[in-house]
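So you can see what is in the structure, the chains are spelled out below.
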Amino acid sequence: DGRLTFYPGNQTVDLPFINFMKRYGTVFLNAYTNSPICCPSRAAMWSGLFTHLTESWNNFKGLDPDYVTWMDLMERHGYHTQKYGKLDYTSGHHSVSNRVEAWTRDVDFLLRQEGRPMVNLTGDRKHVRVMEADWRNTDKAVNWIKEEAVNLTQPFVLYLGLNLPHPYPSPYAGENFGSSTFLTSPYWLEKVNYEAIKIPKWSSLSEMHPVDYYSSYTKNCTGEFTKQEVRNIRAFYYAMCAETDAMLGEIISALRDTGLLKKTIVIFTADHGELAMDHQQFYKMSMYEGSSHVPLLVMGPGIKEQQQVPNVVSLVDVYPTMLDIARIPVPQNLSGYSLIPLLHGKAENEVSPRGPRPSWVLSEFHGCNVNSSTYMLRTSKWKYITYSDGHSVLPQLFDLTADPDELTNVAIKFPVIVHSLDKILRSIVNYPKVSSSVQEYNKRQFISWKQSLGQNYSNVIANLRWHQDWLKEPKKYENAIDKWL
């Protein structure tokens, strides 16, 4: 959650290396993902293109494996490149459940796709390396800096992708039943300031926006939660952020120890945030701040120190920024704009060859746990969220200055604002058309998957992540799918 990198969010947990980057670099106060889920978000970051252009509709469908990313271009221009850890931007990964849930989101049924979110404390006060796979990748990156990067005659670009902070699968619920355990050790939990944890306000289920209700239900969050449960989920999430920060620290320390820190630009960001029980949801897949607002910090030579940038920016800006750093000509067809003018503390009137940076960012979502294509336009104070064809589901409008917790939808109160934001949105993307093509794609994919299973279909569909609900009335749910088809 990007809000943890600046005041007041950063009061809840000690993140020394994020703070180090703020002191010696620039923090973006309003950075957003272009799609709040792993693969589509990363597809946008690696391509510099909005999701409706990459057609990365869900966690199963990303970029083609041979797509030319900014890293590929840097390699072609003489950079030594190295990648470690989670990449997750090409097609074909993630569980069968994940894609089937995305394809069937228009089916008229409500099924829980996740285990109920819970916490688990592991180890003792000396247990530092909880997410072992991430630590192994961090070690690889550190060793590479100390053994390879330090001896290179050419410039380098190193990418390290971490899984944390991400809930872990809950083994108690069977392998297909969601990732919903917030896991940490006492060592990290001690970095969290329990007094500063805000317990989010929830609307009653009957007052929820229909798409929020669907999300909350499919994420298994509509039951009763005590304040203590909610506080713990949030605290454990913040502790997982502290562990992530320590991995960032290992990279910064390795660069400092080798004398490379002064001549290396370091960028820290995320593919999406975590709701951590904001709006009675955990996970991402939402346009609310907890899910869509990401961290973005940059430090290094030429980057202004102790700068806070209020402009709205998004992950598609990473592609042109990387090319700008490497002095490679930036293609004209990108959705993003270079961050370099902002990082150098220049006024916005010193514009790029493409003209001024727009005063909005776009995020969209077409995957699982949400029963409608969703589009978000964020401007200086407004967040406009619209769904599907723009008519069949009511839009939402939040004034983030007056209502930072996004508790009051003022769309009906400000029809003129809604109209003007919708007009801007339609000039960027013909969203009713995109929604319709996603619906067609979902049906096609589902039909071909169903045909590939033959006689085994009924058994496989019954035992995906929703099996605990499905098995109560399998015929009813199969019929609902037939009706949809």
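Residues numbered from 1 in each chain as written. Predicted model: local features only at pLDDT ≥ 70, side-chain atom pairs only at ≥ 80, totals over all residues. Heavy atoms only, no water.

With an unreviewed UniProt entry as reference, the protein is termed Arylsulfatase K, source organism Calonectris borealis. In its Function (unreviewed entry) section, UniProt records this for the protein: "Catalyzes the hydrolysis of pseudosubstrates such as p-nitrocatechol sulfate and p-nitrophenyl sulfate. Catalyzes the hydrolysis of the 2-sulfate groups of the 2-O-sulfo-D-glucuronate residues of chondroitin sulfate, heparin and heparitin sulfate. Acts selectively on 2-sulfoglucuronate and lacks activity against 2-sulfoiduronate." Regarding the protein, the UniProt comment filed under Sequence similarities (unreviewed entry) reads as follows: "Belongs to the sulfatase family." (UniProt positions renumbered as here; feature names shortened; annotations may be inferred.)

A. Structural context of the nonpolar core. Core analysis: the largest hydrophobic core is formed by 76 residues, its most contacted members being Met21 and Leu255. The leading source of residues in this core is helix 9 (residues 227-257), at 17 residues. For Leu255, the residues in contact, after removing those within four places along its chain, are Ile145, Phe156, Leu260, Leu261, Thr264 and Val266. Formed by 39 residues, the second largest nonpolar core is a distinct cluster that contains Tyr375, Ala411, Val438 and Ile461. (Core = buried A, V, L, I, M, F, W, Y, C linked by side-chain atoms within 4.5 Å. Buried < 20%, exposed > 50% of the residue type's maximum accessible area, 1.4 Å probe, protein only. Helix = DSSP H or I, 4+ residues; strand = E, 2+ residues; numbered from the N terminus. Contact = heavy atoms within 4.5 Å.)

B. Geometry of the sheet that holds strand 6 (residues 179-184). Spatially, three strands are ordered 3-6-5 in an open sheet, and the strand pairing comes out mixed. Strands with a single pairing partner mark the edges of an open sheet, and in this sheet they are strand 3 (118-121) and strand 5 (168-169). (Pairing = 2+ DSSP bridges.)

C. The arrangement of the pattern of salt bridges in detail. This structure, assessed with the given rule, holds 19 salt bridges. Among the salt bridges present, the one from Arg3 reaches Asp278, with a minimum N-O distance of 3.3 Å. Residue Arg3 is found in the segment before helix 1 (16-24), and its partner Asp278 is found in the loop between strand 7 (266-269) and helix 10 (289-292); the two are separated by 275 residues along the sequence. A relative accessible area of 22% means that Arg3 is categorised as partly exposed. For Asp278, a relative accessible area of 11% corresponds to the buried category. Each of Asp1, Arg3, Arg234 and Asp278 takes part in salt bridges that share partners, so that together they form one network. (Salt bridge = Lys/Arg side-chain N within 4 Å of Asp/Glu carboxyl O.)

D. Representation of the pairing of strand 1 (residues 25-32) within the structure. Among the eight residues of strand 1, eight are classified as buried, and the element is accordingly described as predominantly covered. In this structure, strand 1 lies alongside strand 10 (residues 307-314), joined through six bridges in parallel fashion. In the sheet register, Val27 faces strand 10, and the bridge partner there is Gln308.

E. A look at the packing of aromatic side chains. One pass over the structure, following the stated rule, counts 25 aromatic pairs. Pairing Phe182 with Phe282 gives two aromatic rings, centres 6.2 Å apart and planes at 70°, and the pair type is edge-to-face. Highlighted residues: Phe182 in strand 6 and Phe282 in the loop between strand 7 and helix 10, separated in sequence by 100 residues. Each member of the pair, Phe182 together with Phe282, is buried. For the pair Tyr288 and Phe398, a centre-to-centre distance of 5.8 Å together with 55° between the ring planes defines the contact as tilted. Within this pair, whereas Tyr288 is found in the loop between strand 7 and helix 10, its partner Phe398 is found in strand 14 (residues 396-399), the two being separated by 110 residues in sequence. Through pairs of rings, three or more aromatic residues link up here, namely Trp46, Trp70, Tyr89 and Tyr159. The ring of Tyr187 has Lys191 lying over it, and the distance from NZ or CZ to the ring centre is 4.6 Å. (Phe/Tyr/Trp six-rings, centres within 6.5 Å; stacked < 30°, edge-to-face > 60°. Lys NZ or Arg CZ within 6 Å of the ring centre and 35° of its normal.)

F. Main features of the side chain of Asn30. With respect to the secondary-structure elements, Asn30 resides in strand 1. Here Asn30 falls in the buried class, since its relative accessible area comes to 14%. Among the polar contacts made by the side chain of Asn30, one reaches the side chain of Arg378 at a distance of 2.8 Å. Non-local contacts of Asn30, meaning those with residues more than four positions away in its chain, are made with His293, Val309, Pro310, Asn311, Val312, Val313 and Arg378. (Polar contact = N/O pair within 3.5 Å; in protein donor to acceptor, adjacent residues only side chain to side chain.)

G. Just the domain arrangement of the protein, in detail. Splitting the protein by domain gives domain 1 (16-347) and domain 2 (444-484). Taken over C-alpha atoms, the centre of domain 1 sits 32 Å from the centre of domain 2. Contacts between the two partners involve 22 residues from domain 1 and, on the opposite side, 17 residues from domain 2. Here domain 1 and domain 2 share an interface that buries about 1800 Å² over both sides, 66% of which is from carbon and sulfur atoms. Broken down residue by residue, the surface that domain 1 buries against domain 2 is led by Trp103, Phe109 and Leu111, which jointly contribute 31%. (Domains from an automatic or database assignment. Buried area = accessible area lost by both parts, 1.4 Å probe.)

H. Molecular detail of the state of the cysteines. A full pass over the atoms with the stated rule returns zero disulfides. Of all cysteine sulfurs, the one in Cys38 lies closest to Cys39, which takes part in no disulfide; the gap is 8.2 Å. Look at Cys39 and you get buried, because its relative accessible area is 0%. In this model Cys221 remains outside any disulfide bridge; the closest cysteine sulfur is found in Cys368, 14 Å from its own. (Disulfide = S-S within 2.5 Å.)

I. Spatial organisation of the packing of helix 6 (residues 132-147) against helix 9. As a packed pair, helix 6 and helix 9 sit with axes 9 Å apart at the nearest point and diverge in direction by 10°. In terms of their interaxial angle, helix 6 and helix 9 are classed as roughly parallel. From helix 6, Asp134, Trp135, Thr138, Ala141, Val142, Ile145 and Lys146 reach across to helix 9, where they touch Glu243, Ala246, Met247, Glu250, Ile251, Ala254, Leu255 and Asp257. Looking at the contact of helix 6 with helix 9 residue by residue, the class counts come to nine nonpolar, one polar and five charged. (Axes fitted to C-alpha atoms, helices over the stretch in contact; angles between N-to-C directions. Parallel < 35°, antiparallel > 145°, perpendicular 65-115°, else oblique. Nonpolar A, V, L, I, M, F, W, Y, C, P; charged D, E, K, R; others polar.)

J. Representation of the environment of Gly85 in the model. With respect to the helices and strands, the residue Gly85 is situated in strand 2 (residues 80-85). By relative accessible area, which is 32% here, Gly85 ends up partly exposed. Put simply, Gly85 and Ala141 are 56 residues apart on the chain and 9.2 Å apart in space, counted from C-alpha to C-alpha. In this structure, Gly85 is in contact with Asn137 and Gly161, ignoring residues within four places of it in sequence.

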